[in-house]
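Descriptive analysis of the structure
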Amino acid sequence: PECPCFGMASQAGTAKRKDTQEIGEALAARVAALAGDNAILAGDAILAGGSVTVDVCCGVADEGFRRGAHELAFAVIRASLHKHGLQNDKLCRRYFFLLDTVVKARMSAKKKPEGPPKMLYLREMLGRVPEVLSGQLALLGGVDGVKAGERCVLMKERGVMVIGLSLLEWRLLLEKQAGPKMEMQMISGVEEAVVRGLSQSEGMSDAQAEIKLSWNAWALKLCEAEEGTPQLRGKCLLQRTVLLLAQNSFQKAIDSSGEVMRIQPANKHAAALNATALHKIGRKKEAASAVTELIGAFQRSEDQHVQDELGAPLELVVSLLVEMHRTKEALRLLSQLLSRVSGPRHQPLFFGLARLYAKHGLNKDALVLKLPQLCTRPPDRRTWDLLKSMAEYTPAAVEQLLQSYIDEAGPGRFTHVPQITEVMCKLPFGAHGSAANKALKLLQRCASQVAPDRPEDLKIIVEDLRAFMSSNIPPTVSEQFPRTIESLLLAYCEALTAQHTADAWEMPGDLMKRAFNGQPPVVLLEQLQRSCLRLPLTSEKTLWVVFRHLSPDSGVALVRTWLLQNDAAADVDRMERCARHFHMAKGEHAAALDLLRWAESRGLQVPAESARKWRELYFTVLRATAEERATTMKRGGAFTSGGLDMATPAVHDGGSEEGAAAMELTTFPHYRSQLTRLEIPLRNITLTERGVLAEKMDVVAPHGGGEVDLEGGGAEAW
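These numbers were taken from a predicted model, which means no experiment stands behind them.

Moving on, we get to the overall build of the protein. Within the protein one finds 36 helices and seven strands. Sorting the 718 residues of the protein into buried and exposed places 47% on the buried side. Long-range contacts, defined here as pairs at least 24 residues apart, represent 65% of the contacts in the protein between residues at least 6 apart. Within the structure as shown, the protein displays about 35400 Å² of accessible surface, and the carbon and sulfur contribution to it stands at 52%.

What follows is the structure in structure tokens.
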């Protein structure tokens, strides 16, 4: 007290409080007038629909701001907001401005980016408002106008969290964030804010120990200041104990864990941390006694509690028992907990116990005996997840179970083969290539049993082989997988007959494209085409199933060969179907026209009863091709080049194929486009086509212009 500096600071504080009191009284007088003492002002406000009242409220807040009492100005505008709601933009903007002003006053110039934010407690701020002003604000805005709420908002740019917002203020910040350019994070309550702080601490690396502790201290302070639940406070203290142990602050860890145990006497995690700290600091007897009590507590726990406390508490206890050379007690405890595992629903408990067995090098005989009881037949997803997890800890037992599943696999029962090979690769066979090699042998054995009677078997095995092609395995092994796929598909295609289903025929073509990235080996394509050529005319639908999965050129060549082999090109309905498929495969009508020209070059003999239908088909395809090509060529360009070029591969190559006759080409000068209604010459058309066009378009063909012995007639759109 005798220090001059202390006296000056004390005088400054007294003066500031005196100024605040004076400003508060002045503002209270104006608020009292606003509340109804000034009848003229109130009447004007009613006449103006309330806008005068809002203006006066803003004027009162502005006076407080000009006099430097920013917190009092914010308190006035906050009460006004509760009085008038969110409809007045001026009031909302003034609220944003004053909130930002009081937040900036709490900013820390040296705040680290990773550290926790500063805290602005509205409860404390409103508590500093003079009583005379607080009473008037309560009359103006009601109890909510002077009482802190439960909501929070983090002002990210300022590094400050505002705690105690009412629901109305929270709505304002949520709905009208786009007004002021402030980056905010909305938090529904204190508990959520505390949990976020604890999560920030947990998410940081151990190298940032100080920042982790600062986040924990921030969360604990917030919890205590806002009177959080005992469970929430215990969670904060528990995390602080873990951090103190990591920093070797054993005495502080003992005190912190003891505080948790006073709040939550049955908390095993706190008791285990306390025992660990006692053991580390050298208080061996107390630690041994605490561990013995924990063993009894675990043995008395109900099943659902054991699963919840399986992680850190049990791991700490087992670690302490091993460090204290009480390995037999550790085995007894784990065996007793393992005896509670009775079915698939206890798989998480089983896996957690297995991890502790493996971590501390304990005898795993009990695990090996228990594992088969948790696996279902047929195996489900949980069984495969368990086997993948246990492959590292009990490889011999897992391999034995896999072998039993392999023995059950066979034609029509290959569903679980992909899961079996996946678990195989988790087993510690040594090099990764050895696991892949073992899986390859299994898949080759399964491939030898695949037949067209069960096409799904082919899909399962090929897809599993494909999965290994993209794996990081030695080249000597990886190159065997595509070879196995190729040999499997070859054997499958050779076995295909007309009696097999459409699915059986479709499967190899689809798998070829996927397994070899759209470029299957030539030998596979040739074998599939040879198999298709064995199909009779009655199996035409099957042919189109295969056609969909071939490249357009390969598919066209296959269908032409099939038509010749079965002498089926004279069937007009079949040729129409072929023309449709060719058009869809190549995406142009010229493909259908090329097919008809190919048939003509082969000396097609159409039966008399089908002559008219054939000419209709020919005219429809020819016109569709002409219209298609007319859209890509300007009329002037068509005349400059002598007309639309109607050439197709059959025109140039027709005479080069065995059994095909060369075609004589001509021009049709009077084709009228359906699109432009203009006449365009068509060049590189056959004599037969010229005659069909002349007949269908009512144009008299010149002498020698393609006399054809077929009947004409009306045509429908194709």
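Quick look at the pattern of salt bridges now. A full pass over the atoms with the stated rule returns 38 salt bridges. Between Arg123 and Glu226 there is a salt bridge whose closest N-O contact spans 2.8 Å. One end of the pair, Arg123, is in helix 6 (residues 122-127); the other, Glu226, is in the loop between helix 10 (209-225) and helix 11 (230-246), with 103 residues separating them in the sequence. Residue classification places Arg123 among the partly exposed residues on the basis of a relative accessible area of 44%. It is possible to trace a salt-bridge network through shared partners that takes in Glu224, Arg233, Arg240 and Glu259.

What follows deals with empty space enclosed by the protein. Under the definition given, this model contains one cavity of 30 Å³ or more. One number sums up the size of the largest cavity: a volume of about 30 Å³. Forming the boundary of the largest cavity are Ala75, Leu126, Val129, Ser134, Leu137, Gly145 and Val146. The class makeup of the residues in the lining of the largest cavity is five nonpolar, two polar and no charged.

Looking now at the environment of Leu238. Relative to the elements of secondary structure, Leu238 occurs in helix 11. With 19 residues separating them along the chain, Leu238 and Ser257 place their C-alpha atoms 6.6 Å apart. Apart from residues lying up to four places away in sequence, Leu238 is in contact with Val260, Asn267, His269, Ala270 and Leu273.

With that out of the way, let us pick up the environment of Thr688. Mapped onto the fold, Thr688 is located in helix 36 (residues 687-696). Classification of Thr688 as partly exposed rests on a relative accessible area of 21%. Thr688 sits 22 residues away from Thr666 along the chain, and the two C-alpha atoms are 9.8 Å apart.

Let us now look at helix 32 (residues 589-601). Relative to the 18 Å expected for 13 residues at 1.5 Å per residue, helix 32 spans 19 Å between its end C-alpha atoms, a close match to the ideal helical length. Within helix 32, 12 of the 13 residues are buried, leaving the element largely enclosed by the surrounding structure. For helix 32, the complete set of buried residues consists of His589, Ala590, Ala591, Ala592, Leu593, Asp594, Leu595, Leu596, Arg597, Trp598, Ala599 and Ser601. At the C-terminal side of helix 32, Gly603 shows a positive phi close to 75°.

The topology assignment puts Phe582 in helix 31 (residues 572-586). Residues Phe582 and Ala592 lie 10 residues apart in sequence; the distance between their C-alpha atoms is 5.8 Å. Among all residues touching Phe582, those that are not within four sequence positions of it are Trp544, Phe547, Val556, Val559, Gly587, Ala591, Ala592 and Leu595.

Another point: the nonpolar core. Leu371 and Ile461 are the most contacted members of the largest nonpolar core, which has 164 residues in total. Ranked by residues supplied to this core, first place goes to helix 33 (residues 611-630) with eight residues. When near neighbours in sequence (up to four residues on either side) are disregarded, Leu371 contacts Phe350, Leu386, Leu387, Met390, Thr394, Ala397, Val398 and Leu401.

Moving on, we get to the pairing of strand 2 (residues 151-155). Most of strand 2 sits out of view: four of its five residues are buried. Inspection of the sheet shows strand 2 paired to strand 4 (residues 184-187) by four bridges, in the antiparallel sense. When the sheet's bridge partners are listed, Cys152 is paired in strand 4 with Ile187.

Attention now moves to the sheet that holds strand 5 (residues 644-645). Reading across the sheet, the three strands line up as 5-7-6 and stay open at both edges, with mixed pairing between neighbours. Because the sheet does not close on itself, it has two edges, and the strands there are strand 5 and strand 6 (665-672). As paired elements, strand 5 and strand 7 (residues 679-686) share two bridges and run parallel to each other. Looking across to strand 7, one finds that Asp645 is bridged to Arg683.

Moving on, we get to the side chain of Glu540. Turning to its location among the elements, Glu540 is positioned in helix 29 (residues 540-547). The class of Glu540 is buried, set by a relative accessible area of 7%. At a separation of 3.1 Å, a polar atom in the side chain of Glu540 contacts the side chain of Arg574. Ignoring any residue separated from it by four or fewer positions in sequence, one finds Glu540 in contact with Trp562, Arg574 and Arg577.

Turning next to unusual backbone geometry. Backbone torsion omega between Arg377 and Pro378 reads -5°, so that peptide bond is classified as cis. For Pro378, the location among the structural elements is in the loop between helix 19 (365-374) and helix 20 (381-390). Even without glycine at this site, Glu227 takes up a positive phi of about 55°. By the secondary structure assignment, Glu227 is in the loop between helix 10 and helix 11. The exposure class assigned to Glu227 is exposed, which follows from its relative accessible area of 73%. Non-glycine residue Asn517 carries a positive phi angle of around 55°. One can find Asn517 in the loop between helix 27 (502-515) and helix 28 (522-532). Taking the relative accessible area as the measure of exposure, Asn517 reaches 70% and is therefore exposed.

This paragraph deals with the confidence of the model for the protein. Low pLDDT means the predicted coordinates in that region are not meant to be read closely. Per-residue confidence for the protein gives a mean pLDDT of 82, with 85% of residues at or over 70. Ranking the helices and strands of the protein by mean pLDDT puts helix 26 (residues 480-495) first, with 94, and helix 2 (residues 39-47) last, with 43. Note that residues 1-13 has pLDDT below 50 and, in this model, one contact with residues that lie over four places away or in other chains. Contacts for the low-pLDDT stretch residues 37-50, under 50 throughout, to residues beyond four places or in other chains number nine contacts.

Basis of the calculations
Residues numbered from 1 in each chain as written. Predicted model: local features only at pLDDT ≥ 70, side-chain atom pairs only at ≥ 80, totals over all residues. Heavy atoms only, no water. Helix = DSSP H or I, 4+ residues; strand = E, 2+ residues; numbered from the N terminus. Buried < 20%, exposed > 50% of the residue type's maximum accessible area, 1.4 Å probe, protein only. Contact = heavy atoms within 4.5 Å. Areas by Shrake-Rupley, 256 points an atom, 1.4 Å probe, with all protein chains shown as cover. Salt bridge = Lys/Arg side-chain N within 4 Å of Asp/Glu carboxyl O. 1 Å grid on protein atoms, 1.4 Å probe; cavity = no way out; pocket = protein on both sides within 12 Å on 5 of 7 lines; lining within 4 Å. Points joined across faces, edges and corners; volume = space filled by probe spheres on them. Nonpolar A, V, L, I, M, F, W, Y, C, P; charged D, E, K, R; others polar. Expected span 1.5 Å × (residues − 1). Core = buried A, V, L, I, M, F, W, Y, C linked by side-chain atoms within 4.5 Å. Pairing = 2+ DSSP bridges. Polar contact = N/O pair within 3.5 Å; in protein donor to acceptor, adjacent residues only side chain to side chain. pLDDT = per-residue confidence, 0-100.

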